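# A look at the structure
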Amino acid sequence: MTALDKLPIAVIGGGPVGLAAAAHLLARGLTVKLYEAHPTVGANLRDWGHVRVFTPWHYCVDVASLAHAAGRIIPDRR
Ligand SMILES: Cc1cc2nc3c(=O)[nH]c(=O)nc-3n(C[C@H](O)[C@H](O)[C@H](O)COP(=O)(O)OP(=O)(O)OC[C@H]3O[C@@H](n4cnc5c(N)ncnc54)[C@H](O)[C@@H]3O)c2cc1C
């Protein structure tokens, strides 16, 4: 293990993709630091939150994000 291995992994952007990436990294036991330019995550989605999505919801939600939100750990599938 090197000194670099102890550093957190930076995820830039707290949109759906950044949040899913962070959730997968956390599920693998890694440390994450998420940077979001707006005051809240999901800022772009909130901008058009009044619009009905054209994609079925289950395609929009990542399994690791769901598990993390529910306080569950998903198995590491590496
Ligand atoms: C009206 C409308 C309807 C849509 N409907 C659908 C739909 O039905 N289905 C669908 O799949 N998609 C839909 N989309 C597209 C959807 O918004 C994107 O697919 C989704 O937001 C992409 O997620 P993302 O995490 O890649 O990017 P984003 O949601 O854009 O998130 C990126 C985040 O990174 C942050 N950021 C950017 N630069 C920096 C920086 N330098 N430092 C820190 N933070 C930073 C931003 O503030 C933002 O929060 C729609 C879009 C619009 C406008």
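Residues numbered from 1 in each chain as written. Predicted model: local features only at pLDDT ≥ 70, side-chain atom pairs only at ≥ 80, totals over all residues. Heavy atoms only, no water.

Let us now look at the overall build of the protein chain. Helix and strand counts for the protein chain come out as 4 helices and 2 strands. Ordering the α and β elements of the protein chain from the N terminus gives β-α-β-α-α-α. By residue count, 15% of the 78 residues in the protein chain fall in the buried class. Long-range contacts, defined as pairs at least 24 residues apart, comprise 39% of the intrachain contacts of the protein chain with a sequence gap of at least 6. Carbon and sulfur atoms make up 63% of the accessible area of the protein chain, which totals about 6300 Å². Charge-centre separation for the protein chain: the mean point of 8 positive side chains lies 5 Å from the mean point of 5 negative side chains. (Helix = DSSP H or I, 4+ residues; strand = E, 2+ residues; numbered from the N terminus. Buried < 20%, exposed > 50% of the residue type's maximum accessible area, 1.4 Å probe, protein only. Contact = heavy atoms within 4.5 Å. Areas by Shrake-Rupley, 256 points an atom, 1.4 Å probe, with all protein chains shown as cover. Lys, Arg positive; Asp, Glu negative; His and termini not counted. Charge placed at Lys NZ, Arg CZ, Asp CG, Glu CD.)

In this section: helix α1 (residues 16–27). End to end, α1 covers 16 Å across 12 residues, agreeing with the expected 16 Å (1.5 Å per residue, within 8%). Among all positions of α1, only Gly-18, Ala-20, Ala-22, Ala-23 and Leu-25 are buried. Residues of α1 that are buried sit in contact with β1 (9–12), β2 (32–35) and α4 (63–69). (Expected span 1.5 Å × (residues − 1).)

What follows concerns the site of the ligand. Near the ligand, the surroundings consist of 17 residues, among which Glu-36, His-38, Asn-44, Phe-54 and Thr-55 are the closest. One nitrogen or oxygen atom from the main chain of Pro-16 is found 3.1 Å from an oxygen atom belonging to the ligand. Within the contact set of the ligand, an oxygen atom lies 2.6 Å away from a side-chain nitrogen or oxygen of Glu-36. Protein contact buries 58% of the 990 Å² of open area that the ligand shows by itself. (Near = heavy atom within 4 Å. Polar contact = N/O pair within 3.5 Å; in protein donor to acceptor, adjacent residues only side chain to side chain.)

Two strands pair when backbone bridges link them, and β1 and β2 are joined in this way by 4 bridges, in the parallel orientation. Looking at β2, one finds that Ala-10 is bridged to Lys-33. In this region the chain leaves β1, passes through α1 and returns to the parallel neighbour β2; the handedness of that crossover is right-handed. (Pairing = 2+ DSSP bridges. Right-handed = clockwise from strand over helix to strand, strands pointing away.)

Per-chain confidence: the protein chain averages 87 in pLDDT, with 92% of residues scoring 70 or above. At the low end of the mean pLDDT range in the protein chain sits helix α3 (residues 57–60), at 82; at the high end sits β1, at 97. (pLDDT = per-residue confidence, 0-100.)

Here we come to the environment of His-38. Its location among the elements puts His-38 in the loop between β2 and α2 (43–47). Spatially, the C-alpha atom of His-38 lies 27 Å from that of Arg-72, the residues being 34 residues apart in sequence.

A few words now on the environment of Trp-48. Mapped onto the elements, Trp-48 comes out in the loop between α2 and α3. You can call Trp-48 partly exposed: its relative accessible area is 37%. Engagement of the side chain of Trp-48 in a polar contact is seen with the backbone oxygen of Asn-44, the distance being 3.4 Å.

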